[in-house]
Amino acid sequence: MKALVTGAGGFIGTALVASLLASDGSSDQHAKRLDHIVLVDSATPVRTADDSRVEIVTGDISDRALLERLVDGVDRVWHLAAVVSAAAESDFDLGYTVNLTATHQLLEVLRATERRPRIVFTSTTAVYGGELPDVLGDTFRLTPQTSYGTQKAIGELLVADYSRKGFVDGRCLRLPTVVVRPGIPNRAASAFASSIVREPLAGRDVVCPVRPETRMVITSPARVVEALMTAMALPEDVWRERRTVQLPGLTVEIGELVEALRRIGGDEVAARVRFEPDSEIERIVGGWPAAVSAERALQLGFRTDKDVDEIVRTYVRDYASERTASTSAP
């Protein structure tokens, strides 16, 4: 089996590739052994263990000629590449070029292969917006209030239509906010949800741009990687005409994340978080659902985290000591 991962230099891409290489693609019962995986990113260095199956490419995925070369012989595609929310909102042209034009171009070159490859597309709860119910299901109307949400909603529709026509076998995942992301903050409007855990544990003060009572739906990186592999492995007949599923997540108040940080890291660590609301970030976050119903996802085998303490403890176990060491090195 030959696979392609776009946006492979990002944290989720890196974690997905590590899981794929460790599993030899065995999580996909309908796939052959993974014998070649192409990793592409526009600028972020792609980090992976030395493995003869890996091909690393740096380039612009809105470039059709590059995409045609990348998809040659490909059976499976994980399309993770995207300009994140706040960046897509501030740079209208860039957001549409990467999040929409490139997605359309990718589907077109996959169509041209006549191989009917399977593709997993990462979407977002930002496809919803405006006046929302207290608990939102994945059949609720799409009314995005940002360019990023609009671009992802159109991407979902494109994947569904190309699947309906038999050009690809697509499946789309609406991701909650992913917490805790290691590394440095990105330009996502939700980046603060990771920063208020990650930075205090590394000995740094951090500003939270929303109020403590702000509610969000969150999930851990481990659950996202697991979901990406599950989505690819599921047989096509479980998707039928509904090519998108809302992933489950935990509804938390941002203050609860800080209290989890206090329980696990102590009062001194939690005291490094300072609340200074930013009206633009609050506007964007306020347009997202505060709770989701994900019965269909759970029936399909997708899982959620136990609680917010588990999310923070997992980050401390897997990443915090590494992050602290790197930030304190001379």
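Just so it is clear, the model here is predicted, and its values are computed rather than measured.

Here is what the cut-offs are and how they apply
Residue numbers run consecutively from 1 along every chain, following the written order of its sequence. Totals for whole chains, interfaces and linings use all residues, but because this is a predicted model, local features are given only for residues with pLDDT of at least 70 and pairs of side-chain atoms are given and counted only at 80 or more. Heavy atoms from the whole structure form the basis of all side-chain values; hydrogens and water molecules are not counted. Note on conventions: DSSP H or I runs of at least 4 residues are helices, E runs of at least 2 residues are strands, and numbering of each starts at the N terminus. Radius of gyration means the value over C-alpha atoms here, while the globule rule gives 2.2 Å times the residue count to the 0.38 power. Each residue's exposure class comes from its accessible area (1.4 Å probe, protein chains only) as a fraction of the maximum for that residue type: buried when under 20%, exposed when over 50%, partly exposed otherwise. Only heavy atoms matter for contacts: two residues are in contact if any of them lie within 4.5 Å across the pair. To measure how exposed things are, a 1.4 Å probe is used in the Shrake-Rupley method; for residues, cover is taken only from the protein chains shown. A positive count includes Lys and Arg, and a negative count includes Asp and Glu. His and the chain ends are not counted in either. Lysine's charge is taken at NZ, arginine's at CZ, aspartate's at CG and glutamate's at CD. What pLDDT conveys is the predictor's confidence in a given residue, as a value from 0 to 100. The axes are straight lines fitted to the C-alpha atoms, using for helices just the contacting stretch, and the angles between their N-to-C directions are given from 0 to 180°. Just so you know how the angles are binned, under 35 degrees is roughly parallel, over 145 roughly antiparallel, 65 to 115 roughly perpendicular, and the rest oblique. Two helices that cross are described as forming a left-handed crossing if the nearer one is turned anticlockwise from the farther one by less than a right angle, and a right-handed crossing if clockwise. Basically, the charged four are Asp, Glu, Lys and Arg, the nonpolar ten are Ala, Val, Leu, Ile, Met, Phe, Trp, Tyr, Cys and Pro, and anything else, Gly included, counts as polar. Being paired, for any two strands, means DSSP has found at least two bridges between them. Here a salt bridge means any side-chain nitrogen of Lys or Arg lying within 4 Å of a carboxyl oxygen belonging to Asp or Glu.

### Some words on the overall build of the protein chain
Alright, step 1. When its secondary structure is counted, the protein chain shows 12 helices and 14 strands.
Alright, step 2. The C-alpha radius of gyration of the protein chain comes to 19 Å, within 12% of the 20 Å expected for a compact globule of 330 residues.
Alright, step 3. Taken over the C-alpha atoms alone, the protein chain extends approximately 60 × 50 × 40 Å along its principal axes.
Alright, step 4. Buried residues in the protein chain amount to 55% of all 330 residues.
Alright, step 5. A separation threshold of at least 6 residues defines the contact pool for the protein chain, and within that pool the share at least 24 residues apart is 78%.
Alright, step 6. In the form shown here, the protein chain has an accessible surface area of approximately 14,300 Å², with 48% of it arising from carbon and sulfur atoms.
Alright, step 7. One way to put it: in the protein chain the 39 positive side-chain charges average out to a point 3 Å from where the 46 negative ones average out.

### Brief notes about the confidence of the model for the protein chain
Alright, step 1. Mean pLDDT over the protein chain works out to 90, with 94% of the residues at or above the 70 mark.
Alright, step 2. Looking over the protein chain, one finds the lowest element-wise mean pLDDT in helix H12 (residues 308–328), namely 73, and the highest in strand S4 (residues 76–79), namely 98.
Alright, step 3. Overall, residues 323–330 carries pLDDT values under 50, and its contacts beyond four positions in sequence, including any with other chains, amount to 11 contacts.

### Quick look at the packing of helix H1 (residues 11–23) against helix H7 (residues 221–233)
Alright, step 1. Orientation of H1 relative to H7, taken along the N-to-C sense of each, is 55°, at an axis distance of 10 Å. Taken together, H1 and H7 sit at an angle that is classed as oblique. Between H1 and H7 the crossing geometry is right-handed. In this structure, H1 contributes Phe-11, Ile-12, Ala-15, Leu-16, Ser-19, Leu-20 and Ser-23 to the contact, and H7 contributes Pro-221, Val-224, Val-225, Leu-228 and Met-229.
Alright, step 2. In terms of residue class, the contact of H1 with H7 is made up of 10 nonpolar, 2 polar and no charged.

### Describing the sheet that holds strand S3 (residues 54–58)
Sheet strands pair by backbone hydrogen bonding; their relative direction is either parallel or antiparallel.
Alright, step 1. One open sheet holds the 7 strands; their spatial order is S3-S2-S1-S4-S5-S7-S11, and the pairing between them is parallel. In this open sheet, the two strands that pair with only one neighbour each are S3 and strand S11 (244–246). Strand-to-strand, the axes of this sheet are offset by a mean angle of 15°, without reference to chain direction.
Alright, step 2. In this structure, S4 lies alongside strand S5 (residues 118–124), joined through 4 bridges in parallel fashion. Its bridge partner being in S5, Val-77 is matched across the sheet by Ile-119.
Alright, step 3. Against the sheet, H1 contacts strand S1 (2–6), strand S2 (36–41), S3 and S4, and its axis sits at roughly 175° relative to S2.

### A closer look at the pairing of S2
Alright, step 1. Counting buried residues in S2 gives 5 out of 6 residues, a clear majority hidden from the surface.
Alright, step 2. Pairing of S1 with S2 involves 5 bridges; the strand directions are parallel. Counterpart to Leu-4 in the pairing with S2 is Val-38.
Alright, step 3. Pairing geometry for S2 and S3, over 5 bridges, is parallel.

### Looking at the pattern of salt bridges
Side chains that differ in charge, positive against negative, can pair when their charged atoms come close.
Alright, step 1. Using the criterion set out here, one finds 28 salt bridges in the structure.
Alright, step 2. Among the ionic pairs, Glu-89 bridges to Arg-283, the shortest N-O distance being 3.6 Å. Here Glu-89, found in helix H3 (residues 85–90), pairs with Arg-283, found in helix H10 (residues 279–286); they are 194 residues apart in sequence, far enough to count as distant.
Alright, step 3. Across the pair Asp-169 and Arg-171 runs a salt bridge whose closest N-O atoms are separated by 3.1 Å. Of the two residues, Asp-169 and Arg-171, neither departs from the other in class, the shared state being buried.
Alright, step 4. Each of the salt bridges in this network shares a partner with another, and the network as a whole consists of Arg-116, Arg-118, Asp-169, Arg-171, Glu-236 and Arg-243.

### Some words on the sheet that holds strand S8 (residues 177–178)
Alright, step 1. The 3 strands are arranged S8-S10-S12 in an open sheet whose pairing can be described as mixed. Single-partner strands in this sheet number two, and they are S8 and strand S12 (250–253).
Alright, step 2. Across 2 bridges, the pairing between S8 and strand S10 (residues 215–219) is parallel. Residue pairing for S10: Val-178 is matched across the bridge by Thr-219.

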